[in-house]
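# Secondary and tertiary structure notes
What follows is each chain in one-letter form.
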Amino acid sequence: MVFEGTAGSCPLCGADDVGGREGCEVLFQEVVGREFSDPARFQVHMMTVDAYSLQHPEGYMKSLKSHAAHLTSMCWAQEFDAPPLVGKRVSAWLEGGPELVRAPVPPPGARGALTVADVHATGDAREHVEVVRR
């Protein structure tokens, strides 16, 4: 899928033929919209947000606390098949305390084989949940 006025792959996650960074963001917003309109899809909403943020840290993980929140939430979800409420628990854990400064480390080159384009291309809620979990 290529969006008018943009071309190519997302330079951050590597999703092919999505219309560049802008097109990738459009796909993400559409996926999130589907999740909010369907309870069966919404069960993996936090995993969708965490995965997209981890693949697009330049825009979604500017602080060290944000990095910790998304990484911890994703790890918890993968290890324990946790409910979406874990995101609130992680946020509460990170609130307050000293201000943490993120070291100027470049983001990873490879950000995973699956992208928001794969989630966007799913058909029904069962397939959506399966792809997000992968």
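Summarised in this report is the structure supplied together with it.

Secondary structure summary: the protein contains eight helices and zero strands in total. Ordered by position from the N terminus, the helices and strands of the protein form the series α-α-α-α-α-α-α-α. Counting all 134 residues of the protein, 37% fall into the buried class. In the protein, of all internal contacts separated by at least 6 residues, the share reaching a separation of at least 24 is 55%. Accessible area for the protein stands at about 7700 Å²; split by element, carbon and sulfur atoms hold 60% of it.

The next point concerns helix α1 (residues 20–37). Look at α1: 26 Å from first C-alpha to last across 18 residues, which is about the 26 Å you get at 1.5 Å a residue. Every buried residue belonging to α1 is among Gly 20, Gly 23, Cys 24, Leu 27, Phe 28, Val 31, Val 32 and Glu 35, and all of these are buried.

Another aspect to go through is the packing of helix α3 (residues 45–55) against helix α5 (residues 64–80). Here α3 crosses α5 at 130 degrees, and the two axes come no closer than 9 Å. If you check the angle between α3 and α5, you find them oblique. Helix-helix and strand crossings are classified by hand; for α3 and α5 the assignment is left-handed. For the pair formed by α3 and α5, the contact residues are Met 46, Met 47, Val 49, Asp 50, Ala 51, Ser 53 and Leu 54 on the first element and His 70, Leu 71, Ser 73, Met 74, Ala 77 and Gln 78 on the second.

Cut-offs and rules
- Residues numbered from 1 in each chain as written.
- Predicted model: local features only at pLDDT ≥ 70, side-chain atom pairs only at ≥ 80, totals over all residues.
- Heavy atoms only, no water.
- Helix = DSSP H or I, 4+ residues; strand = E, 2+ residues; numbered from the N terminus.
- Buried < 20%, exposed > 50% of the residue type's maximum accessible area, 1.4 Å probe, protein only.
- Contact = heavy atoms within 4.5 Å.
- Areas by Shrake-Rupley, 256 points an atom, 1.4 Å probe, with all protein chains shown as cover.
- Expected span 1.5 Å × (residues − 1).
- Axes fitted to C-alpha atoms, helices over the stretch in contact; angles between N-to-C directions.
- Parallel < 35°, antiparallel > 145°, perpendicular 65-115°, else oblique.
- Left-handed = near helix turned anticlockwise from the far one by under 90°.

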